[in-house]
Amino acid sequence: MGDTNGHEEKGLGDKLKHPFQELKEKLHNTHLHDVKVQLIHKKHQIGKFANLFNPQHRHDEEHEKACDEKRTKIGESHRFQSYFPERDGNIVKWYVDGRDYFWAVSAALEQAKETIYIADWWLSPELFLRRPPYYNQEWRLDQVLKRRAEAGVKIYVIVYREVEAALTCNSEHTKHALQSLCPEGTPGYGNIRIMRHPDHNVLENAADMTFYWAHHEKFIVIDYEKAFIGGLDLCFGRWDHHQHQLADMHPSGVVNEIWPGQDFNNNRVMDFKNVQDWKQNELSKADYGRMPWHDVAMGVIGPCVYDIAEHFVLRWNFVKRDKYKRDERFDWLELRGRQGEDEDLVGVQRPKHPVGEYIVHPLTSLETKNLDNRGTVHAQIVRSSADWSSGILTDHSIQNAYIEVIRNAQHYVYIENQFFITATGDQQSPIHNTIGRAIVEAVVRAGKEGRKFRVIIMIPAIPGFAGDLRDDAATGTRAIMDYQYKSICRGEHSIFEQVRKEGVDPTQHIFLFNLRSYDRLDKTPAVKKQEEESGVKYQEVQRAEAEEIMGEGIHGNIDVDGGRDKHMGDKNEQPSAVKGELAENTAEERKPDEEEKGVDAKRRFEAARQDDEKNESAPSVAHLAMADTGLVSETKWEGPDEDEVENWIQEELYIHAKLLIVDDRIVICGSSNLNDRSQLGYHDSELSIVMEDTKRFPSTMDGQPFEAGWHAGTLRRYLWREHLGLLPPQENDASDDLNAQPPADDSPNDAWDQDSSWKVVEDPLSDELWEMWTSQATTNTEIFRQLFHADPDDHVKNFDDYNSFLPPKGVKAGHIFDKMIPPKEIREKLDRIKGHVVWMPLDFLKDAEMAEKGLQVNQFTESVFT
């Protein structure tokens, strides 16, 4: 018989079995019960120390073993042993470089209605998604997120918590800045939640602290309807156009600057040493160029969106379990399609005394997301993930995918990656990933069959870390380069020597390139006169501009929980978001000091400019390396020719893409570098996507008719034209550019297939195209060598050569080496540079010990560099 509450009455037998049940129920929700729960939580917290002696503590209980077995069986049933299945019917849109990607992300975020997931290695809240910043302040990332939170969108962010002694992503600032956006009592309060992981708190998580490895994924999911995945973090230093300009000095109006504050960065001159103290990290735009940035990402609509979202939910619940289990600010996320007996697959736990709610995602049914049969791309999500990063057994399906796709290549392998460290077997410890063996096998097979086959590898000239390579402090950078050379061509186990051992000439099949850019600083005599008359250096003006448009990134925040950026000044210097006090209400408290000085500096500098003076020098000439732009020799310079000589600059164009294209058919893109850190699975965490378009179009391969995949073929042709300077430069405004819009049925990529250059790069194995590519790389390499002594270089085979080749230590890097070269000759040489492709110097320091063993490089640290 049911009681008035619909519960069955307890029988006498039940009461005898549980004599204290009624007492427990009476005490429930009382102070005594709360004390008991707190004591239980404290017991579990202390009990975590026992995990120091049990590294399998997430995999030793029966329910954990059952879940592991279930995941393993799922992976074994899929290609590449990926947990995620192959999915038909995706729309996938490629994005080349930051301008297009960030514009598309800004538009997509603005359309969000329910949820936003963001996973990043580094997230800069003050990043401007559209440029120039002064005229696009509403498109600063934190402002976009604030608007969506105020509109009721639930925003979930996971960022890597760095080891502060090693990296300075300042995730603490990211946390406080985002948590301060919607104070209590205002719209959006509670709608932004940010987690940082791994935990470095010995008292909380002694057994699970991870110092060497990072969360390296870069992806976004919006409303379970679209996703972005690739190589671009939402952070400083990534925004760039195809022309990859170095200069950003605007004496005619600082409001036209493109890269404000720390967003103007050159890792080689000065890395992000003090993200929290930006003045110590500030490069003068009057003296240096920035490091340009090349990257690739994808926008996805279709069934793979669910898989990307599932990975985020798993990571969220794992961090909840690992770090925030007893924190009511963070809820557990349930996933539709992974509920009930499958909720363990996404890390949902049901502790006896849960803290936080259980929220079902997506917030509306999956049927409303329209994920099926959207496009023509067959795709699959792959990852590097393991116990420390997501609580699962090691998943290295990214490496599996790279190996299988490369091994089966028939015509070409094209790689763009930040690193290239790989082994050809088990003889190259500490390197363990064997993507190099797959390259050897593909090349040897083609060589023995007499088939034309190329492996084209694009990597940075120097890993983007600060320092003169001759300095002791650069040992770590040299170590990475040393491992790369040993992977490629040095030693019997290198790719080149393993191919040669099989009777095939590797130099006929394997080619390595870097990218490099030049520009001119607009530091004219008129600017120097302005500085003298105003008593204000241009660097002070650029600082004042940054103060005005991104002050929170300089002074920090106090968030809704009272947390603050303790490294970014005193508490009273930071705008508050506590108790409903908005940041703008307290900004005035600090304005009379730092900010007012900046405003005054800008005013004096601009007042010193003569009204009748018109500066005809362009703020940048980097666009002249692109198509249909004119000649350097014909561009104007205000002032004496010898001053112009002082203002020419060059820098490596940093390749940060993580991209593989094979045979104009298959593409792999994501966050994964080509090294052990990214590929082994149990080091850095990564997420990538494997894509093959079922839409084909007629093309040519080695002179023969060939059906290319639309997605792979158009992306490869677009990239090659950018690198060869066959595409036009880009404007800041991307509102009319299809390639900068979010993925949609009516927003495909513009492949530039109506341009004459489309046919030029049609056949990737064409002798004519290859002659064009290699001859332009040779020309560009020689001119950068002659004018700038750009390093690394094949003429530098030991450190004595290095000392002769480079200017003396302390001399500004990246400028004209010989100031006595006639200005006209410099211009005429620069006329011949087209695009950015240069040869990678395979003989660089070949006769020197690049990374001598010591405190920085030893058996304990080697795996960090690989």
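For the structure itself, consult the block above.
The rules we used
Residues numbered from 1 in each chain as written. Predicted model: local features only at pLDDT ≥ 70, side-chain atom pairs only at ≥ 80, totals over all residues. Heavy atoms only, no water. Helix = DSSP H or I, 4+ residues; strand = E, 2+ residues; numbered from the N terminus. Buried < 20%, exposed > 50% of the residue type's maximum accessible area, 1.4 Å probe, protein only. Phe/Tyr/Trp six-rings, centres within 6.5 Å; stacked < 30°, edge-to-face > 60°. Polar contact = N/O pair within 3.5 Å; in protein donor to acceptor, adjacent residues only side chain to side chain. Salt bridge = Lys/Arg side-chain N within 4 Å of Asp/Glu carboxyl O. Axes fitted to C-alpha atoms, helices over the stretch in contact; angles between N-to-C directions. Parallel < 35°, antiparallel > 145°, perpendicular 65-115°, else oblique. Left-handed = near helix turned anticlockwise from the far one by under 90°. Contact = heavy atoms within 4.5 Å. Nonpolar A, V, L, I, M, F, W, Y, C, P; charged D, E, K, R; others polar. Pairing = 2+ DSSP bridges. Expected span 1.5 Å × (residues − 1).

Undergrad: Teacher, can you tell me more about unusual backbone geometry here?
TA: Across the chain, the bulk of peptide bonds are trans and the bulk of non-glycine residues have phi less than zero. Omega for the peptide link from His197 to Pro198 comes to 5°, which places this bond in the cis form. Among the structural elements, Pro198 can be located in the loop between strand E4 (192-197) and helix H8 (202-205). Geometrically, the link from Asp791 to Pro792 is a cis peptide bond, its omega value of 5° lying close to zero. As for its placement among the helices and strands, Pro792 is situated in the loop between helix H23 (767-788) and helix H24 (799-805). Despite not being glycine, His244 has its phi angle at roughly 50°, a positive value. You can see His244 is positioned in the loop between strand E6 (226-230) and strand E7 (293-294). In this structure His244 comes out as buried when scored by relative accessible area, which is 0%.

Undergrad: How do you make sense of the packing of aromatic side chains when you look at a structure like this?
TA: Scanning the entire structure with this criterion turns up 35 aromatic pairs. Plain terms: the ring middles of Phe513 and Trp839 are 4.6 Å apart, the flat faces sit at 35° to each other, and that makes the pair tilted. Taken together, the residues Phe513 in strand E15 (residues 510-520) and Trp839 in strand E23 (residues 837-839) connect sequence positions 326 residues apart. Aromatic pair Tyr802 and Phe844: ring centres 5.5 Å apart, planes at 85°, arrangement edge-to-face. Separated by 42 residues along the polypeptide, Tyr802 in helix H24 and Phe844 in the loop between E23 and helix H26 (862-865) bring together distant segments of the chain. Grouping residues by exposure puts Tyr802 and Phe844 together as buried. Here a set of aromatic residues connected by ring pairs shows up, and it is made of Tyr117, Tyr156, Phe219, Tyr224, Phe312, Trp316, Tyr324 and Phe330.

Undergrad: How do you make sense of the environment of Asp505 when you look at a structure like this?
TA: Along the chain, Asp505 turns up in the loop between helix H14 (495-501) and E15. Along the backbone, Asp505 and Val443 are 62 residues apart, and their C-alpha atoms lie at a distance of 9.4 Å. Among the polar contacts listed, one links the side chain of Asp505 to the side chain of Thr507, at a separation of 2.7 Å.

Undergrad: Explain the pattern of salt bridges here, please?
TA: Side chains carrying opposite charge are able to pair once their charged atoms draw close together. Applying the stated criterion across every chain, the model contains 52 salt bridges. A salt bridge links Asp322 to Arg58, with the shortest nitrogen-to-oxygen separation between them at 2.9 Å. Pair noted here: Asp322 is in helix H9 (residues 304-322) and Arg58 is in the loop between helix H3 (31-47) and helix H4 (62-76), with a separation of 264 residues, a long-range link. For Asp468, the salt bridge identified is with Arg470, shortest N-O distance 2.7 Å. Here Arg470 falls in the buried class, since its relative accessible area comes to 14%. Beyond isolated ion pairs, a larger network of salt bridges with shared partners links Lys452, Arg454, Asp702 and Asp767.

Undergrad: Is there a simple way to think about the packing of H23 against helix H25 (residues 823-831) in this case?
TA: In a packed pair of helices, the relevant descriptors are the angle between the two axes and the axis-to-axis distance. Two elements in contact, H23 and H25, have axes separated by 10 Å at closest approach and are oriented at 160°. If you check the angle between H23 and H25, you find them roughly antiparallel. Between H23 and H25 the crossing geometry is left-handed. Residues Ile783, Gln786, Leu787 and Phe788 of H23 lie in contact with H25, whose contacting residues are Ile826, Lys829 and Leu830. Within the contact of H23 with H25, the residues separate by chemical class into five nonpolar, one polar and one charged.

Undergrad: What's the story with the pairing of strand E21 (residues 696-701) in this structure? I'm lost.
TA: Across a regular strand the side chains alternate sides, sitting on one face of the sheet and then on the other. Pairing of E21 with strand E22 (residues 704-709), which is carried by six bridges, proceeds in the antiparallel orientation. Residue pairing across strands places Pro698 opposite Glu707, the latter belonging to E22. Hairpin connection, E21 to E22: the antiparallel pair is bridged by two residues, and Asp702 has positive phi, about 55°.

Undergrad: Help me understand H9 in this model?
TA: Note that an α-helix has 3.6 residues per turn; residues three or four places apart therefore point the same way. With 19 residues, H9 extends 27 Å between its outermost C-alpha atoms, agreeing within 8% with the 27 Å of an ideal straight helix rising 1.5 Å per residue. In terms of residue burial, H9 counts as a mostly covered element, since 18 of its 19 residues are buried.

Undergrad: It is not clear to me how the packing of helix H21 (residues 710-724) against H23 should be interpreted in this structure. Could you clarify?
TA: Orientation of H21 relative to H23, taken along the N-to-C sense of each, is 40°, at an axis distance of 11 Å. When the axes of H21 and H23 are compared, the pair comes out oblique. Taken as a pair, H21 and H23 cross one another with a handedness that is left-handed. Contacts between H21 and H23 involve Trp720, His723 and Leu724 from the former and Leu769, Met772, Trp773 and Gln776 from the latter. Residue composition of the contact of H21 with H23, by class: five nonpolar, two polar and no charged.

Undergrad: Where do I start with the side chain of His242 in this structure?
TA: Tracing the backbone through its elements, the reader meets His242 in the loop between E6 and E7. Once residues within four sequence positions are removed from consideration, His242 is found in contact with Val96, Asp97, Asp100, Met626, Tyr718, Glu722, Leu727, Gln730 and His836.

Undergrad: I keep staring at the environment of Glu61 and nothing clicks. Help me out?
TA: Mapped onto the secondary structure, Glu61 falls in the loop between H3 and H4. Glu61 gets classed as partly exposed once you look at its relative accessible area, which sits at 43%. Looking at Glu61, its side chain comes within polar contact range of the side chain of His63, at 3.1 Å.

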